[in-house]
Amino acid sequence: MKMLLTGGAGYVGSACLRYLIREGHDPIAFDDLSEGNRDAVPADRLVVGDILDKDALVNAMREHNIEAVMHFAAVASVPESIKDPDLYWKVNVVGTKNVLDAMRETDVDRIVFSSTAATFGFHENMPITEEHEQRPETPYGTTKLADEWMIKEYARAYGIGYAFLRYFNASGADDDGENGEDRRSESHLIPLILYAALGRRDHVKIFGSDWPTRDGTCVRDYIHVEDLAQAHKLCVENIKPGVGRHYCMGNGDGTTVLEVLHAAQDVIGREIPHEFAPPRPGDPATLIATPEKITKELGWKPKYTDIRQIIETAWRWHERYPEGYTSKAAANA
């Protein structure tokens, strides 16, 4: 199947692109490279473009005879969204409308949307299921939920089939250590811990030490990017026009920040400098998903179910290329 992956040179998008190629599909990345990395995808599969430019989207869909879209492109930092909600409404909502309108103009009738656990906000009852009320607490979560509503309305009116994948914490890297997580401004826990191990940072900050959890640090559900890629493939292959699916994407098991730190120290074999800091606004104490629905409906089965496995793949990437794709480009020059 010929697919356009917006944000396809980003961390999750490029992992999906590589997985889809291996599975016999024909994906093209559409990315403005503001966060994505040119070297994360084959050169002949990259179209440089901005989702705020609808004409560029239309041209890419027509030129490559696109049959389905996977929409990853977004701004995605909870703290940043609180400081600059205008950016989030512009990129995430206007950009998604452009993607949908370009699909209409080119008769593309299926989309897999990269959503987020942040649409659920704070809940005491865990794990989160698809039936939990969506009540986002931050502009990031609010704009992603607005995208979901918009896609549903386009589906109802124009016959678009869709799937929403509400990620929890995407993590890890390719098994061979050749591609992984590399952002201009990193905020995810596992790479920050590994940066501290490599000396790219003096230490890693742990935000809060008295949360109502088993060791006082936040609990999160970590899912490997290849397992996310498998979910995207299953969804796009099973979408029907005008019909929607929505799934929570996690491993169903929570890991505290300190447990992640200790697992990383075990993998690397040394202490990693860290210090405690005040809690961040917009952070819930615990956020865990259950993947039962996608497992039952589509047969999804994760390959990486242990936090140590996930960290091992991430460490292979960061140890081999300490400066990410900059290091990789230099090594291949």
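Just so we're clear, the structure is a prediction, and the values are computed from it rather than from any experiment.

The rules we used
Residues numbered from 1 in each chain as written. Predicted model: local features only at pLDDT ≥ 70, side-chain atom pairs only at ≥ 80, totals over all residues. Heavy atoms only, no water. Helix = DSSP H or I, 4+ residues; strand = E, 2+ residues; numbered from the N terminus. Rg over C-alpha atoms; globule rule 2.2 N^0.38 Å. Contact = heavy atoms within 4.5 Å. Areas by Shrake-Rupley, 256 points an atom, 1.4 Å probe, with all protein chains shown as cover. Lys, Arg positive; Asp, Glu negative; His and termini not counted. Charge placed at Lys NZ, Arg CZ, Asp CG, Glu CD. Expected span 1.5 Å × (residues − 1). Buried < 20%, exposed > 50% of the residue type's maximum accessible area, 1.4 Å probe, protein only. Salt bridge = Lys/Arg side-chain N within 4 Å of Asp/Glu carboxyl O.

Some details on the overall build of the protein chain
In terms of helices and strands, the protein chain carries 11 helices and 14 strands. Its C-alpha radius of gyration of 19 Å places the protein chain within 12% of the 20 Å reference for a compact globule of 333 residues. Put simply, 78% of the contacts in the protein chain that link residues at least 6 apart link residues at least 24 apart. Here the protein chain has roughly 14,000 Å² of accessible surface; of this, 46% comes from carbon and sulfur atoms. Side-chain charges in the protein chain split into 37 positive and 53 negative, and the spacing between the mean points of these groups amounts to 3 Å.

Brief notes about unusual backbone geometry
Generally, phi is negative for residues other than glycine and the peptide bonds are trans, each holding for most cases. Here the residue pair Met126 and Pro127 is connected by a cis peptide bond, since its omega of 0° sits within 30 degrees of zero. Phi is positive for Asn65, which is not a glycine, with a value near 50°. The backbone of Asp107 shows a phi angle near 60°, a positive value even though the residue is not glycine. Relative to the assigned elements, Asp107 resides in the loop between α4 (85-105) and β5 (110-116).

So, helix α8 (residues 257-268)
Between its terminal C-alpha atoms α8 stretches 17 Å, which fits the 16 Å expected from 12 residues at 1.5 Å a residue. The buried count for α8 comes to 9 of 12 residues, which makes it a mostly enclosed element. Inspection of α8 places Val257, Leu258, Val260, Leu261, Ala263, Ala264, Gln265, Val267 and Ile268 among the buried residues, and these make up the whole buried set. Looking at the buried residues of α8, the elements they touch are α6 (189-198), β8 (204-207), β10 (222-224), β12 (255-256), β13 (274-277) and α10 (307-320). Gly269 sits one or two residues past α8 and shows a positive phi near 90°.

Re the pattern of salt bridges
Taken as a whole, this structure holds 23 salt bridges when the rule is applied. Between Asp26 and Arg45 there is a salt bridge, with its nearest N and O atoms 2.9 Å apart. In this pair, Asp26 sits in strand β2 (residues 26-31) while Arg45 sits in the loop between β2 and β3 (46-48), placing the two residues 19 residues apart along the sequence. Accessibility expressed as a relative area gives 27% for Asp26, which makes it partly exposed.

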